[in-house]
Amino acid sequence: MPLNNDFDVIIIGGGITGAGTARDCAMRGLKVLLVERHDIATGATGRNHGLLHSGARYAVKDSESAEECIRENKILRSIAAACVEDTGGLFITLPEDEDAGFGLDYQKKFIEACIKAGIEARAISPAEARAMEPSVNPSLIGAVVVPDGSVDPFRLCAANVTDAAMHGAKILSYTEFLDFIREGDTILGVRVLDTRTGQKAEYRAPVTVNAAGIWGHGIAEKAGVHIGMYPAKGALLVFGHRVNNVVINRCRKSADGDILVPGDSVTVIGTTSTKVPFEECDNMEVTPDEVRLLLREGCALCPALADTRILRAYAGVRPLVADDSDPTGRSISRGIVCLDHETRDGVKGFVSITGGKLMTYRLMAELATDAVCRKLAVHKRCQTAETPLPGSADGRIETVSKHFEGIATLGQKGAAGRQGDLAGKIRFDSEEDKQLVCECEQVTLGEIKYAVAELGVHSLSDLRRRTRVGMGTCQGTLCIRKAAKALAIALGDPSLEGKLAADYLDERWKGMRPVGWGDTLREMEFMQRVYKYEKPYSYDEV
Amino acid sequence: MMKFDVVIIGGGLAGMRAATVLQTEGLRCAVVAEGLSLHDAPRSEFKAAGGTILAGDKVVGGVFEGDRLRSVRTEKLGDVTLEADWFILATGKYFSKGIVADMDRIYEPLFGLDVLYEQDRSKWFDPAFSSHQHFLDFGVRTSDGCALKDGVRIVNLIPAGEVLAGISSAEGDAKARIQKSALDAVQMIRRN
Amino acid sequence: MQERNISASNFEQCQKCSICETVCPVMANNPAYGGPKKSGPDGERYRLKNGIFFDDSLKYCLNCKRCEVACPSGVKIADLIQRARIDYGTHSPKLRDMMLASTDQMGPLAGAFAPIVNYSLSLKPVKGLLDATLGIDKRRTMPKYSSETFVHWFKKNAAAGQDDFKKHISYFHGCYANYNYPALGKDFVAVMNAFGYGVHLMDERCCGVAKIANGMIPAATRDAKINLEAFRKSLSKGREIVTVSTTCTMTLIEEYPELLKVDNSDVKEHISLVEQFLYKAIASGEVKPVWKKDWKAKAAYHCPCHQERLGLGIFTTELLKMIPGMELTELESNCCGIAGTYGFKKENFKVSQMIGRPLFDSIAAAAPEFVACECETCKWQIEMSTGVPVKNPVSIIADALDLEKTSELNCG
């Protein structure tokens, strides 16, 4: 075993929790390895609303979560400016909520709970709400303004990973955890499989952190410990453009489909909550009933959704820690669970960080890193709450756009919106680099080259998570070919092009199938025609 | 009212092919073409032969008398209807809205013609993009070449091209089959 | 936070098929323009996210609407672009744009000094001055102003007898017939009178198309409201509104609600282009034409882009085909390149001429005695670029009709 396979800490899981923990550990001077079997942000991290919670949603039932949220909300606004958008949020009360016991009396209680948790919340009139967000259901009888926003989880995760790497962490994506290296009651490291090359490897560290979300359940089992986890599937729909510019929530007890979030160029409605078996977690399909339910509830928040094209559907699995007393999964606190398995189970060198939510990832990472540092007897203060993430030092589109030579093109402004101040690293030396590859999402060839060189991209889906390529109205119909070629060349193997494109087509197809009617079905027919008939895929002519 | 021998609904490959042949043979044809077609369908030959193209207009409904379609209304011409002895329906599939899918059903939007499709939407798609996709098989029903409306054969309304069940552009031989269906329509009009 | 939220232009129906790009005359000739898809639905998604995504190159769109005619998804692409210019554009209109746009204000001034203005506009140094100071291209032949406006002529010579007819219509003459080409208005009155319709003028303002194109929205909106009031007054007297200008008609019917957000739903069904009005009247037997026995002409019909957008070109061709001595070629659909005031601007002149090239070539190939065309700005462009005279269909009909016999038959 060569020495360079030795680390201070190994983190399993490249979701936001693992990425955040890697960053925190690395910033505290530890030698960090992160292993992720797919790409970063492929699990629940990339499969949620992208809501920057104010905490208001939890204020009435779970003040602890609410307080955590608003604290982290303020922190993320300052450290992750390039990943969040200050949209503001509304909690609206509809006439039918009155009958269900969530009328204006409840609104009063809601505001009091918010204020108690430190969340600025104030009631506004229905007319003010309509002026603030013209797409809101006009029949609302009350509204509360809260400091909700939107956050791009892909960008947030990538920024944490990038920063971890800048602090010396080794990041291995497409590296699957197989088993622990164990001696008696001590975990010494991990055996992993490089899923692209098929090569196995061993890595050692005095501490291993299980940050694998719902998959952490199985990982813990391999260490011989049991975490009673509970996979709660949540389905969401993406609409073709921004219908609202302010987050719209229902002011009632949390239920299905009651949050509408404008994120980047789209709007997302969600979510549902269904308990699913562990074996389904790897391949979630959104059902017709879920689509129906989300549409119905979405239209109650914003009637325009009834006529807005749905781009696709997707589902994620919340890593909840089971509470057998409530079968719906909604009553349990989304609280953070940080387990030192030495004290809990007598297994040394192993920590699990789970529960929680996207919003509180940084706090989760801090708690996990604290646990790691205790084990390693390292005494370094956490700095992740004050130090801006890469790209976020001054990440507003307006400021970043000024740095480009001449008048910023749409593609350059798009890059500024996605990469924050790191967009300055994108080379626009040639006219070709300025050309758009993805016209829906304004992604240039230059940005793609940058993402491949700097952001650990191996497939078109990875590229999509870094740049939004193929995420727009045509779902890649017009750009997959160009993007696959650019990516294959940037990866140094032009022969990969066909495989990259074919994989991505299947991935796009999966999200479109559950909403395959109307304009989406038109697009699907067009996509079939483009790739099968008019220009059957051939590698030489792109 | 404007009177033509044949009104062709749809300016794509099937519609223009049938229209050009019929106009050249001396029938007075009008093509209602909402938008351009994805297929390369030249219009100059038809125009040179004296044919009429209503570009950017669309049929919004028709008047039936028994088993015949008498006339169609268009969006732009308002109360001026297009009357003809024959109508060719060449409106294509989903993309050109020849048939329209909503969450629960597939329908033909202009006249409510009978459509052949699978009721269970989960069977419309194959998870593998490159496999055969069942939804591309759907289209209007015909009986001896004519469209059906509530089971009644409309004797002067001939569907052609991709609006037909079983013909789709995502298949290799589609272009030939589209043109053949157009010429079948021409044959039927010639015979009668 | 942004004020605007939902687009009424169906932009989410865009499938990105890019057919619009194949018909855009500007995109083919001006690399600085992103084209209809990028400027329209693609750009709109990002403008909804943040106004910073408004791109100045949208000014190159000449609003010919050919993209809308071609779109298989019913997306109002040109409206999206024009609307974005109104909502997000930050530049205030230049003096030149205001001059070109204020067709009704420049008209009266220029008309009073028509001989001098026409003379000076045709002199090279003056054109050079316009070119240098205002950015109006010196190679451009400026529209001539008439010394007597149509309205003035009508009041003096025609108004008196109009009440004697049994049937009545209101005539929206537009700026062009009034200031630049009163002969068209006179032909209109002659034809309508022969068919037994009394012609009445309204308190009309410029339709506003040039003001919209040049970003003068409040002024255009004010005029729109005055026009609609005049139409309502006319309709209350049972008089339909008949127009001669394609572009005015498109503005009155489509741009008022789409771009100016002025509701015209109660009157728009009652606004007809004269060719549409006459075709329907003749086809239904309401009126009967008597054509001159020996009249003969070889003409080519150019369908203006906005006529194609309105979908009304068929009425003109069917009407012209009724004339026994008419040999009519329908030209392949192409943009002439001028698009109202667009081609007058120095930065657009070259592109404007390049766009028109296929049309000019097809006219040369058809070798007609004249081109039949409803649009006044197409007329300037075609006459300047090909030397072939352009006649409005109304003038052709006025010429081909035996006015006396038609009048006897219809006014009896």
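Residues numbered from 1 in each chain as written. Chains lettered and ligands numbered in written order. Predicted model: local features only at pLDDT ≥ 70, side-chain atom pairs only at ≥ 80, totals over all residues.

### Let's talk about the overall build of chain C
Convention followed: Helix numbers and strand numbers start at the N terminus; a helix is a DSSP run of H or I with at least 4 residues, a strand a run of E with at least 2. Exposure classification rests on a simple neighbour count of other C-beta atoms within 10 Å of a residue's own: a residue reaching 20 or more is buried, one at 12 or fewer is exposed, and one in between is partly exposed. C-beta atoms are placed from the backbone. Each residue is represented by a C-beta atom placed from its backbone, and any two residues with such atoms within 7 Å are regarded as in contact.
A tally of helices and strands in chain C yields 21 helices and eight strands. When the 412 residues of chain C are sorted by exposure, 56% land in the buried category. Here the analysis covers contacts within chain C between residues at least 6 apart in sequence; of these, 78% occur between residues at least 24 apart.

### Description of the sheet that holds strand β3 (residues 51-52) of chain A
As a general point, the strands of a sheet are linked pairwise by backbone hydrogen bonds and lie either parallel or antiparallel. This is how the line gets drawn: What makes two strands pair is DSSP finding at least two bridges between them.
The antiparallel open sheet is built from three strands, whose spatial order is β3-β8-β4 (chain A). The two strands at the open ends of the sheet, each matched to only one other strand, are β3 and β4 (84-85) of chain A.

### Notes on the sheet that holds strand β13 (residues 152-153) of chain B
Residues and elements named next belong to chain B. The strand order across the open sheet formed by three strands is β11-β12-β13, and the pairing between neighbours is antiparallel. Strands with a single pairing partner mark the edges of an open sheet, and in this sheet they are β11 (142-143) and β13. Bridge analysis of β11 against strand β12 (residues 146-149) gives two bridges, and the strand direction is antiparallel. Each bridged residue has a counterpart across the sheet, and for T142 the counterpart in β12 is A147.

### Remarks on the interface of chain C and chain A
Rules: Gly is put with the polar residues, along with every residue not named as nonpolar or charged; the nonpolar set is Ala, Val, Leu, Ile, Met, Phe, Trp, Tyr, Cys and Pro, and the charged set is Asp, Glu, Lys and Arg.
Contact with chain C, which involves 21 residues of that partner, is made by 32 residues of chain A. Class assignment for the residues of the side of chain C that touches chain A results in eight nonpolar, six polar and seven charged.

### Here's the deal with helix α14 (residues 246-258) of chain C
Here is the rule we go by: One less than the residue count of a helix, multiplied by 1.5 Å, gives the span that helix is expected to have.
Taking 1.5 Å per residue, 13 residues should reach 18 Å; α14(C) reaches 17 Å between its end C-alpha atoms and fits that length. Among the residues of α14(C), C:T246, C:T247, C:C248, C:T249, C:M250, C:T251, C:L252, C:E255 and C:Y256 are the ones counted as buried.

### Section: the environment of A:Y230
Residues and elements named next belong to chain A. Along the polypeptide, Y230 turns up in strand β14 (residues 229-239). For Y230, a count of 21 C-beta atoms within 10 Å corresponds to the buried category. Considering only alpha carbons, one finds Y230 and T87, 143 residues apart in sequence, at a separation of 32 Å.

### Details of the confidence of the model for chain A
Reading predicted coordinates in detail is not appropriate for stretches of low pLDDT. Inclusion rule: Here pLDDT means the predictor's own confidence in every residue, given as a number from 0 to 100.
Looking at chain A, pLDDT values average 92 and 95% of them are 70 or higher. Note that pLDDT drops below 50 for residues 535-542 of chain A; the model gives that stretch nine contacts with residues more than four away or on any other chain.

### A closer look at the confidence of the model for chain C
Residue and element names in this part refer to chain C. Residues with a pLDDT of 70 or more make up 83% of chain C, whose mean pLDDT is 85. pLDDT under 50 marks residues 108-121. Its contacts with residues more than four places away, or in other chains, come to 17 contacts. Within the model, the stretch residues 123-130 combines pLDDT values under 50 with six contacts to residues more than four positions away or in other chains. Across the interface, the model reports ipTM at 0.96; the global pTM reads 0.90.

### Thoughts on the interface of chain C and chain B
One frequently used descriptor of interface size is the decrease in accessible area upon assembly of the parts. Taken together, the 20 residues of chain C in the interface contact 17 residues of chain B. Broken down by secondary-structure element, the contributors of at least two residues to the side of chain C that touches chain B are α1 (19-23), α3 (66-70), α15 (274-283), α16 (305-310) and α17 (313-321) of chain C. Of the residues that constitute the side of chain C that touches chain B, the class distribution is eleven nonpolar, three polar and six charged.

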